[in-house]
Amino acid sequence: MSEPFLAEIRIVGFNFAPRGWAFCDGQILPINQNQAMYSLLGTAYGGDGRVSFALPDLRGRAPTHLGGADDPITQGQKFGTETHILSQAEMPAHSHGVRASSAPADATTPGGHTWGVTSQAFYGPAAGLAMASGAVDANQSGAAQAHQNCQPSLALNFCIALQGLFPSRN
């Protein structure tokens, strides 16, 4: 394999960073020991720019291309979330109605999705008792509970070259 460019990022399928490489895990490096790398990355990924700078942190993230005029995504910008709580404004108006009948129930499962009257307890206490309070929920905003928001993924490691050829701009 050819010598990498300094600050080149590669995806690897093993669980260690090879010699001359580091994981893209956001670690802070001293500028005085990594001047060439700092000249390429600057403080786009963190650090104070006086004595330290940071490597990119790609743990749990998907890389994306820089945006253009219509989509101003900048280098080092972090965006997105692994979980999301829906707000009332994000949900279309809807309801989860319950259909019931005063006719006697004739099956243990509601084939027509309608509850009926019974004097027998098929699945629990005797008839005539109150329903469980959570059986029908009027909350339309997800009860402030987050849901997973991750795209289908495969866990791999991103490594960045700490040694290599300094890339020319031409």
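Before reading on, note that the structure itself is shown above.
Residues numbered from 1 in each chain as written. Predicted model: local features only at pLDDT ≥ 70, side-chain atom pairs only at ≥ 80, totals over all residues. Heavy atoms only, no water.

(A) Examining the overall build of the protein more closely. Helix and strand counts for the protein stand at one helix and nine strands. Ordered by position in the sequence, the α and β elements of the protein form the string β-β-β-α-β-β-β-β-β-β. If you take every contact in the protein between residues at least 6 apart in sequence, the share linking residues at least 24 apart comes to 62%. Looking at the protein as shown, the accessible area adds up to about 12,800 Å², and 54% of this sits on carbon and sulfur atoms. (Helix = DSSP H or I, 4+ residues; strand = E, 2+ residues; numbered from the N terminus. Contact = heavy atoms within 4.5 Å. Areas by Shrake-Rupley, 256 points an atom, 1.4 Å probe, with all protein chains shown as cover.)

(B) Local environment of unusual backbone geometry. One non-glycine residue with positive phi stands out, namely alanine 7, at about 75 degrees. Turning to its location among the elements, alanine 7 is positioned in the segment before β1 (9–12).

(C) Inspection of the state of the cysteines at higher detail. Counted by the stated rule, this structure contains zero disulfides. Here cysteine 159 is not cross-linked by a disulfide; its sulfur's nearest cysteine counterpart is in cysteine 24, at 6.7 Å. (Disulfide = S-S within 2.5 Å.)

(D) Molecular detail of the pattern of salt bridges. According to the stated counting rule, one finds three salt bridges in the structure shown. In this structure, the salt-bridge partner of arginine 59 is aspartate 57, at a minimum N-O distance of 2.8 Å. Residue class for aspartate 57 comes out buried when judged on its relative accessible area of 19%. (Salt bridge = Lys/Arg side-chain N within 4 Å of Asp/Glu carboxyl O. Buried < 20%, exposed > 50% of the residue type's maximum accessible area, 1.4 Å probe, protein only.)

(E) View of the packing of aromatic side chains. All chains considered together, the criterion is met by two aromatic pairs. A centroid spacing of 5.6 Å and a plane angle of 55 degrees characterise the contact between tyrosine 38 and phenylalanine 53, whose relative ring orientation is tilted. Taken as a pair, tyrosine 38 in helix α1 (residues 35–41) and phenylalanine 53 in strand β4 (residues 52–54) lie far apart in primary sequence, 15 residues in all. (Phe/Tyr/Trp six-rings, centres within 6.5 Å; stacked < 30°, edge-to-face > 60°.)

(F) Region of interest: the pairing of strand β6 (residues 100–104). Of all five residues making up β6, only zero are buried, and the element is barely covered by its neighbours. Pairing of β6 with strand β7 (residues 115–117) involves two bridges; the strand directions are parallel. Paired with alanine 100 across the bridge in β7 is tryptophan 115. (Pairing = 2+ DSSP bridges.)

(G) Expanded view of the environment of serine 52. Tracing the backbone shows serine 52 in strand β4. Sequence spacing of serine 52 and glycine 42 is 10 residues, and the spatial spacing of their C-alpha atoms is 9.4 Å. Once you skip the residues sitting within four places of it in the chain, serine 52 turns out to touch Ile28, Leu29, Pro30, Ile31 and Gly47.

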